[in-house]
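Chains, contacts and geometry: an overview
Listed below are the residues making up each chain.
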Amino acid sequence: MTDSDAAANVDADAYADELARKRAEKDDFFGSHPQSPIPPEHRDEFSGLDYFDPNPDARVSATVTVHDDPEPVTMETTAGNEVRYLRLVTFSFELRGESVELHGYQQEREDDNAIFVPFRDKTTGQQSYRNGRYLELHPEGELADGESVVLDFNLAYTPFCAYSDTFSCPLPPEENWLEVAVAAGERD
């Protein structure tokens, strides 16, 4: 089964159950873990994050374009400073009938192979966090040009800086501002 088939042919009930399990684990972490971004004095009143309903249409198959010579991208942060990332890949896909692109980044000295995909969309500042949300991909190996990967916006999350000023978070660069609403993942 290709990634494209995987995006389209997921058992909706099994997927919703798995997503509910992951969300419950995250809520438990936020409510009780010492490294939670929720300040300790507010954890007792924390009743869980707010999420959009699971949306099978928010699991999209994206075509990968690898940047052989990744360009540096400077991102502002919520603390007012800047951080540098490298633009590793571009993901091209259709969402709600629109052809869109998102770029995937990695910090220059990052040893992890995680690909960071910060974005804003038409829910930003209204139904979702005012500074945007994030996706992370953890490919098993290096991505190749033309490869198809699944971007699951049901896993879009709000950065820790939304819960506490002790965190500084990169702001999605303008090239990752979508002109479509992504009603999936974490809500504000």
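Here the structure is a predicted model, which means the values were calculated and not measured.

So, the overall build of the protein
Check the secondary structure of the protein and you find two helices and six strands. Of the regular secondary structure in the protein, the N- to C-terminal order runs α-α-β-β-β-β-β-β. In terms of overall size, the protein behaves like a compact globule, its C-alpha atoms giving a radius of gyration of 17 Å where 188 residues would be expected to give roughly 16 Å. Along the three orthogonal principal directions, the C-alpha set of the protein runs to about 50 × 45 × 30 Å. Out of the 188 residues in the protein, the part that is buried amounts to 43%. Within the protein, contacts between residues at least 6 apart in sequence are counted, and of these 64% link residues at least 24 apart. About 10600 Å² of surface is accessible on the protein, with carbon and sulfur atoms providing 43% of the total.

Comments concerning the pairing of strand 4 (residues 115–119)
Most of strand 4 sits inside the fold, with five of its five residues counted as buried. The two faces of strand 4 match: Ile115, Val117 and Phe119 on one face and Phe116 and Pro118 on the other face are all buried.

Notes on helix 2 (residues 12–32)
In a regular helix each residue adds 1.5 Å, so 21 residues correspond to 30 Å; helix 2 covers 30 Å between its end C-alpha atoms and thus fits that length. Residues Tyr15, Leu19, Arg23, Asp27 and Phe30 constitute the buried set of helix 2. Projection of helix 2 onto a plane perpendicular to its axis shows the buried side chains occupying an angular sector of 105°, all on one side. For helix 2, exposure combined with an orientation more than 90 degrees from the buried face picks out Asp13, Asp17 and Asp28. Along its buried surface, helix 2 packs onto strand 1 (59–76) and strand 6 (148–152).

Describing the environment of leucine 178
Take leucine 178: it is sitting in the segment after strand 6. For leucine 178, a relative accessible area of 6% gives the class buried. Put simply, leucine 178 and valine 117 are 61 residues apart on the chain and 12 Å apart in space, counted from C-alpha to C-alpha. Non-local contacts of leucine 178, meaning those with residues more than four positions away in its chain, are made with Val100, Glu101, Leu102, Phe119, Arg120, Asp121 and Lys122.

With respect to the nonpolar core
A general tendency of soluble globular proteins is for nonpolar side chains to be buried together. Membership of the largest hydrophobic core comes to 26 residues, with the highest contact counts inside it found for Phe91, Phe93, Leu95, Phe119, Leu151 and Phe153. Where this core is concerned, the elements lending two or more residues are strand 1, strand 2 (82–95), strand 3 (98–107), strand 4, strand 5 (133–137) and strand 6. When neighbours within four sequence positions are excluded, leucine 95 is seen to be in contact with Asp57, Val60, Val100, Phe153, Val180 and Val182.

Looking at the packing of aromatic side chains
Across all of its chains, the model carries ten aromatic pairs by this definition. On the basis of an interplanar angle of 45° and a centroid distance of 5.9 Å, the ring pair of phenylalanine 93 and phenylalanine 153 is categorised as tilted. Separated by 60 residues along the polypeptide, phenylalanine 93 in strand 2 and phenylalanine 153 in the segment after strand 6 bring together distant segments of the chain. For the pair phenylalanine 116 and tyrosine 134, a centre-to-centre distance of 4.7 Å together with 80° between the ring planes defines the contact as edge-to-face. Placement of the pair is phenylalanine 116 in strand 4 and tyrosine 134 in strand 5, with a sequence separation of 18 residues. Among the residues examined, phenylalanine 116 registers a relative accessible area of 10% and is labelled buried. On the accessibility criterion, tyrosine 134 (6% relative accessible area) is buried. These aromatic residues form a ring-pair network of at least three members: Phe29, Phe30, Phe46, Phe160, Tyr163 and Phe167. Residue placement shows arginine 120 over the ring face of tryptophan 177; its charged tip is 4.7 Å from the ring centre. Looking at arginine 187, its charged tip hangs above the ring of phenylalanine 52, at a distance of 4.6 Å from the centre.

Each value, and the rule that gives it
Residues numbered from 1 in each chain as written. Predicted model: local features only at pLDDT ≥ 70, side-chain atom pairs only at ≥ 80, totals over all residues. Heavy atoms only, no water. Helix = DSSP H or I, 4+ residues; strand = E, 2+ residues; numbered from the N terminus. Rg over C-alpha atoms; globule rule 2.2 N^0.38 Å. Buried < 20%, exposed > 50% of the residue type's maximum accessible area, 1.4 Å probe, protein only. Contact = heavy atoms within 4.5 Å. Areas by Shrake-Rupley, 256 points an atom, 1.4 Å probe, with all protein chains shown as cover. Expected span 1.5 Å × (residues − 1). Arc of directions from axis to C-beta. Core = buried A, V, L, I, M, F, W, Y, C linked by side-chain atoms within 4.5 Å. Phe/Tyr/Trp six-rings, centres within 6.5 Å; stacked < 30°, edge-to-face > 60°. Lys NZ or Arg CZ within 6 Å of the ring centre and 35° of its normal.

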